[in-house]
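A structural walkthrough
Now for the letters of each chain:
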There are 2 protein chains.
Amino acid sequence: MWILAEPSFEPTKQHHKETIFTIGNGYLSTRGAFEEGYPNDRRATFIHGVFDDAPIVVTELANAPDWLATQIVLDGEKFSLASGTVLAYRRELDLRTGVLRREVRWQSPQGRAATIIFTRFASLADQHLLALRCEIIPEFDGQVELRSAINGQTDNEGLLHWRPIAQGQLADGTVFLRTRTRKSGIELALTMRVSGSDTATTTFWDVENVPTLQQVYQAQAGVPIVVTKFVGVATSRDDANPLELAHRHLQAATGWDEALAAQQQVWAKEWERCNVEIEGDEEADLAVRFSIFQLLIAAPRHDPRVNIGAKTLSGFGYRGHAFWDTEIFMLPLFIYTAPDIARNLLDYRYLTLPAARAKARAAGYEGAWYAWESADSGEEVTPTWVPDFHDKKKLARVWTGDLAIHISSDVAYAVQQYWQATGDDAWYIERGAEIVLDTAKFCAARAEWLNDRGCYGYTDVIGPDEYHDHVNNNAYTNLLAQWNLRAALETLAWLDQHAPQKAAELRQRLDLTPERLQHWQTVAEKMCVNVSPDGLIEQFDGFFKLKDVNLADYEPRTKSMHEIFGIEGANEYQAIKQPDVLMLQYLLREHYSDSQIRVNYNYYTPRTDHTYGSSLGPPIQAIVACQMGDVAEAYEHFIRAARADLRDVRGNAGDGIHAASAGGVWQAVVFGFGGLRVHPDGSWDIQPRLPQHWQRLTFRFTLRGKTYTVTCYPDGRYTTA
Amino acid sequence: MWILAEPSFEPTKQHHKETIFTIGNGYLSTRGAFEEGYPNDRRATFIHGVFDDAPIVVTELANAPDWLATQIVLDGEKFSLASGTVLAYRRELDLRTGVLRREVRWQSPQGRAATIIFTRFASLADQHLLALRCEIIPEFDGQVELRSAINGQTDNEGLLHWRPIAQGQLADGTVFLRTRTRKSGIELALTMRVSGSDTATTTFWDVENVPTLQQVYQAQAGVPIVVTKFVGVATSRDDANPLELAHRHLQAATGWDEALAAQQQVWAKEWERCNVEIEGDEEADLAVRFSIFQLLIAAPRHDPRVNIGAKTLSGFGYRGHAFWDTEIFMLPLFIYTAPDIARNLLDYRYLTLPAARAKARAAGYEGAWYAWESADSGEEVTPTWVPDFHDKKKLARVWTGDLAIHISSDVAYAVQQYWQATGDDAWYIERGAEIVLDTAKFCAARAEWLNDRGCYGYTDVIGPDEYHDHVNNNAYTNLLAQWNLRAALETLAWLDQHAPQKAAELRQRLDLTPERLQHWQTVAEKMCVNVSPDGLIEQFDGFFKLKDVNLADYEPRTKSMHEIFGIEGANEYQAIKQPDVLMLQYLLREHYSDSQIRVNYNYYTPRTDHTYGSSLGPPIQAIVACQMGDVAEAYEHFIRAARADLRDVRGNAGDGIHAASAGGVWQAVVFGFGGLRVHPDGSWDIQPRLPQHWQRLTFRFTLRGKTYTVTCYPDGRYTTA
């Protein structure tokens with residue numbers, strides 16, 4: 001299944017569909033809004049790194065001028081699905097090539113009919129190029145008018161980020177718009193060329209902020225009118241003269257067929273390294289490919305100063321901010337299929353080390369404390385106060401930016417995972433090691449000696465399960481910090497051996513005295529954790545004393561347990577947003593025996609809000625279930641994750657793609673059902689556990705420069721190539 | 001001086017000039033931005049009552065689509081003062097007629113020169129009609145292009161309030177735009193007709209949200225091109241079909257000369273009743289007329305559901321919210337010169353009684369507690385939290401909405417003042433009395449018996465001097481409440497005699513039992529106030545114990561003492577934002593002897609932040625100084641108020657007209673220098689005290705239906721007619 005299809009027009013699902021029909025090229029993405037517009041659409045194009053200040057949310061990706069804008073007027077009647085009659089409709093996103101196509105047969109209120117076909121893509125071959133083609137087959141003789149515009153009138157849910165600077169028409173007919181973000185001062189230039197038949201009269205409408213090319217055709221019934229619109233796009237982040245750059249890329253686009261061929265070629269290469277096929281389950285087959293596609297179009301390829309937001313570039317949710325979602329949920333796909341992209345994403349964390357150090361320092365700690373929400377600079381951009389859901393005049397405090405300290409260890413974990421999978425020693429020596437060391441420094445600094453417990457721990461934190469805040473000794477946080485400290489010590493030892501000069505430099509620069517290293521050792525050794533004799537880990541101090549809850553009692557429900565209990569209330573119950581302890585065991589798999597995982601799985605699974613809690617939970621739940629051999633249950637969690645966007649099971653897909661879930665879907669297939677395990681030494685093994693109805697699962701992965709294709713069968717057999 | 005002139009173009013004063021060149025007609029106002037635009041202009045049109053939700057500030061007047069939008073293109077070069085050469089420039093606002101005229105001689109970068117004259121007004125004869133004329137006298141033979149638009153791309157400092165609904169061209173050539181506020185759902189329709197010479201080619205550019213009429217002229221050097229643009233405007237607050245209404249008013253506009261003649265005629269009538277003339281002081285003469293003009297164009301004439309914001313309709317400051325500024329500072333002008341407008345403004349308070357009652361009830365009190373900041377519904381719209389000036393991630397609490405209780409008595413005071421001046425018993429019986437009674441009910445409910453003091457008082461309030469919050473027994477608050485309670489008791493007695501049925505109805509409906517009335521009497525009698533034997537009133541409990549301060553020590557300064565001390569710091573000093581106690585003595589003049597006023601004047605004057613404190617202070621200070629016979633000092637305060645906007649002495653005129661100051665300027669001239677005193681029985685006397693250099697002061701006022709013209713001379717003589 002390569003085609004995501006919408007066989008009929010469903011206006012009530014408008015925002016959901018806009019999200020899933022997003023196209024992009026790692027530089028920008030454009031939501032699947034209609035070229036001609038539709039009432040209340042959330043049309044948006046987000047460009048990596050183009051952030052601007054915003055109240056409450058600190059900073060957000062500015063919704064760029066609309067390059068789609070195309071009005072079609074049939075003998076004076078404006079084409080719109082909000083009027084007239086839709087006689088036929090089909091929309092298709094071809095995941096193989098990233099091309100979106102919509103074919104509509106429409107009859108105007110006055111009775112003029114035409115078939116209109118829009119095709120668009122964001123070029124993966126040239127990230128500064130966007131292409132749109134419009135084909136009109138009128139069923140009448142008369143006048144057909146096209147108005148192709150760059151529409152600078154875009155906003156972020158009511159907030160304006162742009163102030164136009166200049167616009168006009170260049171000597172070669174190219175129309176341009178230059179505009180600038182209001183606070184951050186990033187300049188954006190868009191250039192447009194519209195090619196149609198020679199019979200058209202073309203007029204430039206030089207209207208402020210909406211430069212438009214109007215074309216008038218004398219149309220004949222049955223004779224297609226084909227118009228191609230190329231748009232060049234560049235910002236002052238790319239070049240001091242973005243207009244010149246955008247113009248150059250526009251000029252380089254010679255024609256539709258050539259641009260499309262280049263697109264197909266580059267995408268074919270992309271799929272060669274990361275495709276997954278599932279035979280016997282079309283929904284799963286499409287969903288995993290869709291998940292990969294969404295991450296591929298969101299992943300920056302040439303710019304290490306940006307990261308993937310929790311909602312990719314596909315919606316207004318989370319404002320383009322990046323979370324641990326990148327490192328723990330999305331990165332494995334890239335590490336194991338597209339390591340160049342993975343390195344680019346980790347470079348972002350390296351480049352934002354200064355901000356992470358500043359955050360730690362401001363809180364009174366040494367080392368690097370990454371921002372819970374990170375945008376362009378790496379500064380903490382988690383909102384501190386948000387309007388209260390129930391009373392807009394009141395405010396609710398958001399604590400994650402202050403208390404979610406596990407982010408630093410998450411980043412270090414991803415760095416090591418990348419290193420192990422790629423064997424990229426040069427990068428690790430140059431950049432990765434410093435991240436692991438400086439996050440360890442923070443872990444040690446933030447740890448407190450708890451006299452009453454006789455161990456080191458972390459008080460007043462939030463773990464992955466955000467239903468409980470201000471908790472002490474969250475197991476995930478503590479044990480990942482422990483891992484981080486040990487990884488740092490091993491890193492230093494390794495550096496001493498393999499890059500002694502770098503080791504010396506880092507010892508000096510990061511003040512890694514023997515006393516400090518000894519302290520790391522001690523903190524790691526004496527890290528608090530509450531484990532029962534049979535291996536049950538308490539999520540945090542006192543969790544088992546909270547009121548127990550039977551989530552089944554609340555079914556059927558359409559709200560999270562957080563909304564049902566309220567912020568205060570949720571803290572009093574054992575209901576959790578995501579399987580905090582299972583996450584930990586998944587990441588540190590080799591530390592736990594199967595029986596230890598089983599006891600935790602059995603305890604936490606019924607207490608987890610799988611349906612409306614975190615979308616990060618289900619894929620991990622699926623993997624752990626696979627490891628437990630509960631494949632049917634695993635499939636249930638997996639398919640819930642797979643449907644997060646395609647079926648909008650959480651009702652919020654309109655805000656953008658659930659990127660962590662998409663990354664988790666890939667992990668669930670490869671690490672869960674496929675049973676791939678990669679060991680620290682670079683060796684790997686496979687233990688397939690396919691759902692009953694899957695006839696075949698094929699996936700690829702790249703390890704230390706070599707790409708493998710694995711095909712698994714229901715009986716547990718597999719082949720590699 | 002009828003002409004406010006700007007003899008040369010001063011781009012650095014752009015926002016200041018936009019404010020003072022605001023035109024309006026009581027229905028809407030439009031800031032003096034240029035028709036063709038200018039970088040970073042704050043172009044805005046505000047329509048009374050067209051509020052929309054906004055974060056933090058709760059609700060704000062939505063900046064309406066721009067009706068000025070006119071681009072002029074000379075042989076391909078766009079006219080803009082930001083390019084080319086300004087060869088001559090003059091802008092004039094004719095206060096006599098409300099017509100704004102700008103004449104520019106400009107040379108394009110390529111050397112084409114032309115004189116361009118823009119003339120605009122908002123019709124006072126037809127509040128739904130706006131008129132703009134553009135005269136172009138080219139100095140070259142070539143093509144002159146005009147693009148006349150309704151530009152729906154307007155925002156409130158980055159926040160978008162509008163979502164366009166429809167646009168197009170009607171059969172008669174009228175261009176229209178229908179748009180709607182995003183949250184409050186108010187529909188606005190604008191219609192446009194552009195008339196020029198028959199030689200023009202006119203094309204309709206149907207660009208989304210910017211419907212534009214393009215006209216192309218073959219121009220000859222020296223031959224003027226004259227284009228008239230009429231715009232009709234109406235909202236769903238006026239009519240269920242605003243487009244139809246806006247179209248009707250546009251159709252009614254037959255031509256420029258006719259519309260201008262109507263404008264001149266209506267304005268002439270307006271000035272007949274309220275003009276003030278000062279001979280020997282051109283600056284003062286212009287300033288007082290300018291102040292009156294700004295209040296006249298902001299005052300609603302046909303809609304009792306709206307009020308005048310603290311910055312009129314001329315800027316983004318205070319978001320169109322109304323404060324006590326209306327009742328205490330602006331209303332006297334209307335009460336004594338345009339009582340129909342005064343009544344309309346008081347009707348707003350009557351119609352928002354339900355919201356005032358709800359506010360009191362929500363706080364646990366009976367009666368009517370008016371909102372400190374009031375918009376469309378009368379609900380409290382004071383922001384509760386605003387971003388901290390020094391650290392945007394932090395928030396500062398705004399307390400006025402919770403603690404400034406004197407607003408209720410201020411409203412009651414204005415109601416009584418209107419009644420006394422007009423003798424409008426019918427209105428008082430029907431509406432005014434209920435306000436006075438229900439605010440008194442609140443005053444009694446909010447008062448606490450302070451056992452240690454043995455009196456009734458108000459703890460935890462903010463008085464007019466906002467440098468001190470959370471104070472107890474603010475003298476202004478206490479004594480105006482005392483006045484309110486007594487006025488209510490007198491009102492009831494008067495109603496018993498003159499409108500017994502209404503009295504009975506109100507007794508019943510407001511639950512005015514004998515016990516309650518007795519309680520009012522007691523609270524009023526035993527109201528706490530700290531007065532020294534010589535009459536010095538302590539502004540609030542403990543004020544005299546605060547650190548004293550010599551404001552001269554901080555000169556020269558360009559910041560308020562609030563900014564210098566900080567919010568906490570300001571609470572520790574005797575520095576005050578405005579003369580709280582003097583305000584009280586001004587309002588309750590007959591309660592105090594001259595010597596009592598003198599002692600307070602001498603104490604508080606040197607402790608008041610006259611320059612950067614409240615702009616409400618100087619005019620009151622001027623009046624009290626006049627009453628003390630300190631005319632030279634009075635003039636100093638008066639001229640400071642007179643310059644608040646014209647010279648932008650506080651540096652914030654760009655945010656809009658200081659409406660209270662404008663009202664205070666009129667009061668300072670009439671009640672201060674003119675020495676008019678009106679007594680409760682409707683009798684009045686005059687005691688002129690003109691500044692030395694004034695040769696003559698003439699003012700008009702209307703009392704109980706009769707209009708008087710008073711002419712005062714420096715020697716204290718005066719004539720009335």
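For clarity, every value in this text was computed on a predicted model and none was experimentally measured.

About the thresholds
Residues numbered from 1 in each chain as written. Chains lettered and ligands numbered in written order. Predicted model: local features only at pLDDT ≥ 70, side-chain atom pairs only at ≥ 80, totals over all residues. Heavy atoms only, no water. Helix = DSSP H or I, 4+ residues; strand = E, 2+ residues; numbered from the N terminus. Rg over C-alpha atoms; globule rule 2.2 N^0.38 Å. Contact = heavy atoms within 4.5 Å. Areas by Shrake-Rupley, 256 points an atom, 1.4 Å probe, with all protein chains shown as cover. Lys, Arg positive; Asp, Glu negative; His and termini not counted. Charge placed at Lys NZ, Arg CZ, Asp CG, Glu CD. Buried area = accessible area lost by both parts, 1.4 Å probe. Salt bridge = Lys/Arg side-chain N within 4 Å of Asp/Glu carboxyl O. Polar contact = N/O pair within 3.5 Å; in protein donor to acceptor, adjacent residues only side chain to side chain. Nonpolar A, V, L, I, M, F, W, Y, C, P; charged D, E, K, R; others polar. UniProt positions renumbered as here; feature names shortened; annotations may be inferred. Pairing = 2+ DSSP bridges. Disulfide = S-S within 2.5 Å. Buried < 20%, exposed > 50% of the residue type's maximum accessible area, 1.4 Å probe, protein only. Core = buried A, V, L, I, M, F, W, Y, C linked by side-chain atoms within 4.5 Å. Least-squares fit on C-alpha atoms with pLDDT ≥ 70 in both. Axes fitted to C-alpha atoms, helices over the stretch in contact; angles between N-to-C directions. Parallel < 35°, antiparallel > 145°, perpendicular 65-115°, else oblique. Left-handed = near helix turned anticlockwise from the far one by under 90°.

As a further point, take the overall build of chain A. Counting its regular elements, chain A contains 19 helices and 29 strands. Relative to a compact globule of 721 residues, whose C-alpha radius of gyration would be 27 Å, chain A shows 27 Å and is just as compact. For chain A, the proportion of contacts with a sequence separation of at least 24, taken over those separated by at least 6, is 66%. Carbon and sulfur atoms make up 48% of the accessible area of chain A, which amounts to about 25,200 Å² in all. For chain A, the distance from the average position of its 70 positive side-chain charges to the average position of its 93 negative side-chain charges is 1 Å.

Our next topic: the interface of chain A and chain B. In this assembly, 27 residues from chain A lie in contact with 27 residues from chain B. The contact between chain A and chain B buries some 2,400 Å² in all, and 49% of this surface belongs to carbon and sulfur atoms. Joining chain A to chain B, the criterion identifies six salt bridges. Close ionic contact of Asp 155 of chain B with Arg 182 of chain A constitutes a salt bridge, the shortest N to O distance being 3.3 Å. Put simply, chain A and chain B have 16 residue pairs in polar contact (both at pLDDT 80 or more) between them. The residue makeup of the side of chain A that touches chain B, split by class, is 10 nonpolar, seven polar and 10 charged.

Residues given the UniProt feature "domain: Glycoside hydrolase family 65 C-terminal" (unreviewed entry) here are residues 680–716 of chain A. Summarising residues 680–716 of chain A: 0% helix, 49% strand, and an end-to-end C-alpha distance of 24 Å.

Turning our eyes to something else, we now look at the sheet that holds strand E18 (residues 212–219) of chain B. Residues and elements named next belong to chain B. In space, the five strands of this open sheet follow the order E8-E7-E13-E18-E17, with antiparallel pairing throughout. Of all strands in the sheet, those bounded by a partner on one side alone are strand E8 (77–78) and strand E17 (201–205). Where strand E7 (residues 70–74) meets E8, two bridges bridge the pair, whose relative direction is antiparallel. Counted as the bridge partner of Leu 74 is Glu 77 from E8.

Quick look at the sheet that holds strand E4 (residues 45–47) of chain B now. In sheet architecture, strand pairing relies on hydrogen bonds along the backbone and comes in two forms, parallel and antiparallel. Residues and elements named next belong to chain B. In space, the three strands of this open sheet follow the order E2-E3-E4, with antiparallel pairing throughout. The open sheet has two edge strands with one neighbour each: strand E2 (23–24) and E4. Across two bridges, E2 lies against strand E3 (residues 28–30) in antiparallel orientation. Considered in E3, the bridge of Gly 24 is made with Ser 29.

Next up on the list: the state of the cysteines. Residue and element names in this part refer to chain A. Summed over the entire model, instances satisfying the criterion amount to two disulfides over all chains. One disulfide in the model links Cys 455 with Cys 528; its S-S distance is 2.0 Å. Residues Cys 455 and Cys 528 are joined through a disulfide that is right-handed, its torsion about the S-S bond being 100°. With Cys 455 in strand E24 (residues 455–457) and Cys 528 in the loop between helix H13 (514–525) and helix H14 (561–570), the pair connects residues that are 73 residues apart, well separated along the chain. Of the residues examined, Cys 455 reaches a relative accessible area of 9% and is grouped as buried. For Cys 528, a relative accessible area of 1% puts it in the buried group.

It is characteristic of soluble globular proteins that their nonpolar side chains tend to be buried jointly. Core analysis: the largest hydrophobic core is formed by 205 residues, its most contacted members being Phe 334 and Phe 638 of chain A. In this view, Phe 334 of chain A contacts Leu 295, Leu 296, Ala 299, Ile 308, Pro 339, Ile 341, Ala 342 and Leu 345 of chain A; residues no more than four positions away in its chain are not counted.

This brings us to the environment of Pro 533 of chain A. In this structure, Pro 533 of chain A sits in the loop between H13 and H14. Spatially, the C-alpha atoms of Pro 533 of chain A and Tyr 418 of chain A are 34 Å apart, while their sequence positions differ by 115 residues.

Turning to the pairing of strand E7 (residues 70–74) of chain A, a few remarks are in order. Residue and element names in this part refer to chain A. Within E7, five of the five residues are buried, leaving the element largely enclosed by the surrounding structure. Taking every second residue as pointing to the same face, both faces of E7 are buried, with Thr 70, Ile 72 and Leu 74 on one and Gln 71 and Val 73 on the other. As paired elements, E7 and strand E13 (residues 142–149) share five bridges and run antiparallel to each other. For Gln 71, the partnering residue across the bridge sits in E13 and is Arg 147. Hairpin geometry of E7 and strand E8 (residues 77–78) is characterised by an intervening segment of two residues between the two adjacent antiparallel strands and by a positive phi of about 45° at Asp 75.

So, on to the relation of the copies chain A and chain B. Taken as rigid bodies, chain A and chain B are interconverted by a rotation of 180° and an axial shift of 0.0 Å, the fit giving an RMSD of 0.0 Å. Classification of the inter-copy transformation places it as that of a two-fold axis. When each C-alpha of chain A is compared by its distance to the rotation axis, Leu 159 of chain A comes out closest, at 2.3 Å.

Axis angle and axis distance: for two packed helices, these are the angle between their axes and the distance between the axes, and together they describe the pair. All names here are of chain A. At a minimum axis distance of 9 Å, the contact between helix H9 (residues 406–422) and helix H11 (residues 475–498) shows a crossing angle of 45°. Looking at the two axes, H9 sits oblique to H11. Considering how the two elements wind past one another, H9 and H11 form a crossing that is left-handed. Along its contact with H9, which presents His 406, Ser 408, Ser 409, Asp 410, Ala 412, Tyr 413, Gln 416 and Trp 419, the element H11 presents Tyr 476, Thr 477, Leu 480, Ala 481, Trp 483, Asn 484, Ala 487, Thr 491 and Trp 494. The class makeup of the residues in the contact of H9 with H11 is nine nonpolar, seven polar and one charged.

With that out of the way, let us pick up the side chain of Thr 45 of chain A. Its location among the elements puts Thr 45 of chain A in strand E4 (residues 45–47). Reaching out from Thr 45 of chain A, the side chain makes a polar contact with the side chain of Thr 30 of chain A at a distance of 2.8 Å.

Turning our eyes to something else, we now look at the pattern of salt bridges. A full pass over the atoms with the stated rule returns 114 salt bridges over all chains. Here Asp 594 of chain A makes a salt bridge to Arg 589 of chain A, at a shortest N to O gap of 2.5 Å. The class for Arg 589 of chain A is buried, based on a relative accessible area of 9%. Residue Glu 270 of chain B pairs with Arg 301 of chain B through a salt bridge whose shortest N-O separation is 2.9 Å. Remark: Arg 301 of chain B occurs in the loop between helix H4 (282–298) and helix H5 (324–337) and Glu 270 of chain B occurs in helix H3 (residues 256–274); sequence separation between them is 31 residues. On the basis of relative accessibility, which here comes to 6%, the residue Glu 270 of chain B falls in the buried class. Within the structure, one salt-bridge network assembled from shared partners comprises Arg 357, Glu 430, Glu 434, Asp 438, Lys 502, Glu 505 and Arg 509 of chain A.

Glancing now at the pairing of strand E12 (residues 129–138) of chain A. Residues and elements named next belong to chain A. With respect to burial, E12 is a largely interior element, eight of its 10 residues being buried. Pairing of strand E11 (residues 113–122) with E12 involves nine bridges; the strand directions are antiparallel. Bridged to Ile 116 within E12 is Ile 136. The hairpin formed by E11 and E12 contains six residues between the paired strands. Pairing between E12 and strand E19 (residues 225–235): eight bridges, direction antiparallel. Paired with Arg 133 across the strands is Thr 228, a residue of E19.

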